[in-house]
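Residues per chain, in single letters:
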Amino acid sequence: ALKMINLARDWLTTLVPHVMSKISRVSYGLLSAKDVGLLEEANGGAKVPTSRRLLAVPFVGKDIPSQTNEFSHPDVVIGLTICTYRHEGLRRGDF
């Protein structure tokens, strides 16, 4: 029980404010089908990993996803992914 309380405190004091300070489709977001196609062309036809297709990825500008970067902290990835699906909703390809 004490571990859960500590985890909840960490989420509320550090991770939630960080996640809420980001702007969807400017700082992070999901890759659209068009984004995946452009990234595959830029990488010489190499497939985009499933983790980049289904989880939130960093953006370098408005609607411009980073070509290779991913968020390194797993809790931040989870929080941003939840926020992204909340803003954008599920896509047909997510089922």
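Residues numbered from 1 in each chain as written. Predicted model: local features only at pLDDT ≥ 70, side-chain atom pairs only at ≥ 80, totals over all residues. Heavy atoms only, no water.

**Overview of the packing of helix α1 (residues 2–20) against helix α4 (residues 74–88)**
Running from N to C, α1 and α4 cross one another at 50 degrees; their axes reach a closest spacing of 10 Å. As summarised for this structure, α1 and α4 are arranged oblique, according to the angle between their axes. Where α1 crosses over α4, the handedness of that crossing is right-handed. Facing W11, L15, H18, V19 and M20 of α1, the residues of α4 in contact are D75, V76, G79, L80 and C83. Of the residues assigned to the contact of α1 with α4, the class counts are seven nonpolar, two polar and one charged. (Axes fitted to C-alpha atoms, helices over the stretch in contact; angles between N-to-C directions. Helix = DSSP H or I, 4+ residues; strand = E, 2+ residues; numbered from the N terminus. Parallel < 35°, antiparallel > 145°, perpendicular 65-115°, else oblique. Left-handed = near helix turned anticlockwise from the far one by under 90°. Contact = heavy atoms within 4.5 Å. Nonpolar A, V, L, I, M, F, W, Y, C, P; charged D, E, K, R; others polar.)

**Some points on the pairing of strand β2 (residues 57–61)**
For β2, the buried fraction is high: four of the five residues fall into the buried class. The pairing of strand β1 (residues 28–29) with β2 spans two bridges and is antiparallel. Note that in β2 the partner of G29 across the bridge is V57. Connecting β2 to the next strand, strand β3 (residues 64–65), in antiparallel fashion are two residues, including D63 with a positive phi near 60 degrees. (Buried < 20%, exposed > 50% of the residue type's maximum accessible area, 1.4 Å probe, protein only. Pairing = 2+ DSSP bridges.)

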